[in-house]
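Spelled out, the chains give:
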Amino acid sequence: MPDVNDKVRYWDYLGDYALHREAYLAAVDRVFCSGRLVLGQEVAHFEKDLAAYCGAAFAVGVNSGTDAILLALKALGIGGGDEVITVSNTAVPTVAAIRASGATPVFVDVEEDTYLMDASLVEAAVTPRTRCLIPVHLCGQMADMAPLKEIVRRRGLKLIEDCAQACGATYREERAGSFGNVGAFSFYPTKVLGAFGDAGAMTTSDPELAARLRRLRFYGIEKGYHAEEEGFNSRLDEVQAAILNLKLVGIEAAASARRDIARIYDEGLAGVGDLGLPVVGRDCRHQYYLYTVRTPRRDRLMEFLGREGIETKINYPHPVHLMRGYSALGYREGDLPVTERLARSILSLPIYPELPWPHAERVVDAVRRFFRGGR
Ligand SMILES: *Cc1c(COP(=O)(O)O)cnc(C)c1O
């Protein structure tokens, strides 16, 4: 167990591993002894349980969250010449997957206090080429789905939820991944549901779409090694699925531990200086993948916490629309003012289920001292 005076880690899986090592190793051993290393019973078991957990009829495992979005777009027939509305305040992979499909991402700005897609701006971004909307459930909280679903219905668009950061989050009691045509998940190790390597999945309640997603991850083959269409290799690894089967059983406990840390921050940091705390939507259950605060003095706060032995991160320091790799999309500084302001002012504090409470209290104490000292 970490000492109170140790460095406060931003994220760490070693505490979880120490606690459940025997079970993880037994799961890996079970796969190695099973005689079937690819698309075996662990993947089938995980897909069944993930679908049930998310409130969808089907889940299809793939090798990353990026591929989950890409295969969702492909399965919905979206590609070259099509526009996909999403946010620039996201991880690069959301946009990378849209580009890989051949479609053009169109960015709308986000809400200042939730960091999520501003539903009031979406309608104006719809053109005759728009085919799909991809809201990103950033930080562990779902975007405002009621107005988004309404726009999708009225304009005849497809809806893909980027659930990479929000497995288990709810909006009006319904889980992420149950709202869209497809929900796309990442199980990258840091995520709320994290594997011990790369992994992802898609959820859907449409049986034909589920069958197509299944084909697309396996060279376009349904059976008999005959490709029905052009596909990919994007299988969820059997070993990672075995790990995820264990993790899924514990996801509610892990999320509840994250919420306990968030409560320590919420209570300890309320009303401190010009610090904005994450706002939870009225209809939302937040999974706290990230606990992201905002302040105009972000850089100095980050430096100060670093000197106090507290690791923090910026999610994300560069909005995607201003990255060199996406300059061809033609966006300029000033196009998404809230997103750009957030990139200069947000800071994510340490949060993970095993974060010792005394460490969270040390973070609170240090942040309060920073603002009191007016540094
Ligand atoms: C992690 C993440 C992804 C992609 O997941 P990978 O498994 O790393 O490919 C997509 N979108 C968001 C918002 C993410 O945080």
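Above: the structure in question.
For the structure given in this document, a descriptive report is provided here. (Residues numbered from 1 in each chain as written. Predicted model: local features only at pLDDT ≥ 70, side-chain atom pairs only at ≥ 80, totals over all residues. Heavy atoms only, no water.)

### Describing the sheet that holds strand β6 (residues 170–171)
Next up, step 1: Ordered by their spatial adjacency, 3 strands build an open sheet running β7-β6-β10, and the pairing between neighbours is antiparallel. Looking at strand neighbours, the two that pair on one side only are β7 (174–175) and β10 (284–285), the edges of this open sheet.
Next up, step 2: Pairing analysis gives 2 bridges linking β6 to β10, with the strands arranged antiparallel. By the bridge assignment for β10, Y171 is matched with C284. (Pairing = 2+ DSSP bridges. Helix = DSSP H or I, 4+ residues; strand = E, 2+ residues; numbered from the N terminus.)

### Considering the packing of helix α9 (residues 298–307) against helix α11 (residues 357–373)
Any two packed helices are characterised by the angle at which their axes cross and by the distance between the axes.
Next up, step 1: Where α9 contacts α11, the axes come no closer than 10 Å and their chain directions differ by 130°. When the interaxial angle is binned, α9 and α11 end up oblique. Read as a crossing pair, α9 and α11 show a hand that is right-handed. Residues R300, L301, F304 and L305 of α9 form the contact with α11, whose participating residues are A366, V367, R369, F370 and F371. (Axes fitted to C-alpha atoms, helices over the stretch in contact; angles between N-to-C directions. Parallel < 35°, antiparallel > 145°, perpendicular 65-115°, else oblique. Left-handed = near helix turned anticlockwise from the far one by under 90°. Contact = heavy atoms within 4.5 Å.)

### Here we look at the packing of aromatic side chains
Next up, step 1: Here the structure, examined in full by the defined rule, presents 14 aromatic pairs.
Next up, step 2: Each ring, one from Y288 and one from Y291, has its centre 5.9 Å from the other, and the planes form 25°; the classification is stacked. Of the two residues, Y288 and Y291, neither departs from the other in class, the shared state being buried.
Next up, step 3: By way of ring pairs, the aromatic residues W11, Y13, Y17, Y24 and F196 are connected into one cluster. (Phe/Tyr/Trp six-rings, centres within 6.5 Å; stacked < 30°, edge-to-face > 60°. Buried < 20%, exposed > 50% of the residue type's maximum accessible area, 1.4 Å probe, protein only.)

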